[in-house]
Amino acid sequence: QVQLVESGGGLVQAGGSLRLSCVASGQISSITIMGWYRQVPGSPRELVARSTDDGATNYADSVNGRFTISRDDAKNTLYLHMNTVRPEDTAVYYCNVRARVGPRPFYGDYWGQGTQVTVSS
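Bear in mind the structure is a predicted one, so any value in this text is a computation, not a measurement.

A. Representation of the nonpolar core in the model. Among the nonpolar cores identified, the biggest contains 30 residues, and Trp36, Leu80, Met82 and Tyr93 are the most heavily contacted of them. Listed by contribution, the elements that provide at least two residues to this core are strand E1 (2-7), strand E3 (18-26), strand E4 (28-39), strand E5 (46-51), strand E7 (67-72), strand E8 (77-82), strand E9 (91-101) and strand E11 (115-120). No other element matches the six residues that E9 contributes to this core.

B. Seen up close, the state of the cysteines. Scanning all chains against the criterion turns up one disulfide. The disulfide that involves Cys22 links it to Cys95, with 2.1 Å between the sulfurs. The chirality of the disulfide connecting Cys22 with Cys95 is left-handed, given an S-S dihedral of about -80°. With Cys22 in strand E3 and Cys95 in strand E9, the pair connects residues that are 73 residues apart, well separated along the chain.

C. Representation of the pattern of salt bridges within the structure. Tallying each qualifying case throughout the model produces five salt bridges. Between Arg66 and Asp89 there is a salt bridge, with its nearest N and O atoms 2.8 Å apart. One end of the pair, Arg66, is in the loop between strand E6 (57-59) and E7; the other, Asp89, is in the loop between E8 and E9, and 23 residues separate them in sequence. Of the two residues examined, Arg66 and Asp89, each falls in the buried class. One salt bridge in this structure joins Arg98 and Asp109, with 3.2 Å as the shortest N-O distance. Remark: Asp109 occurs in strand E10 (residues 108-111) and Arg98 occurs in strand E9; sequence separation between them is 11 residues.

What counts and how
- Residues numbered from 1 in each chain as written.
- Predicted model: local features only at pLDDT ≥ 70, side-chain atom pairs only at ≥ 80, totals over all residues.
- Heavy atoms only, no water.
- Core = buried A, V, L, I, M, F, W, Y, C linked by side-chain atoms within 4.5 Å.
- Buried < 20%, exposed > 50% of the residue type's maximum accessible area, 1.4 Å probe, protein only.
- Helix = DSSP H or I, 4+ residues; strand = E, 2+ residues; numbered from the N terminus.
- Disulfide = S-S within 2.5 Å.
- Salt bridge = Lys/Arg side-chain N within 4 Å of Asp/Glu carboxyl O.

Here it is in structure tokens:
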């Protein structure tokens, strides 16, 4: 299986910056897509940013130009650099990875436990 551990969440003032990290571990053979999602109570989980193994990235319109996703494939680590944060960015942020485990021929989706980000106005 794959374990994902997020870190870097916390309380930040509007206009400030924060960096989230997600480390994937386990019997990982390969990872294709790595992404960040967020969720507020009463709302569905939404995509924030996603990175593919061929270098492509895409962002939600609400964060485009403010957030940057990056990954270190040698360390199986994903980052989210959050700049000029806003109160509406307050949410639990989840790391998601599509990975192949051991000798299995198929890919599965794995989720972290989430990290709270709170932006004060």
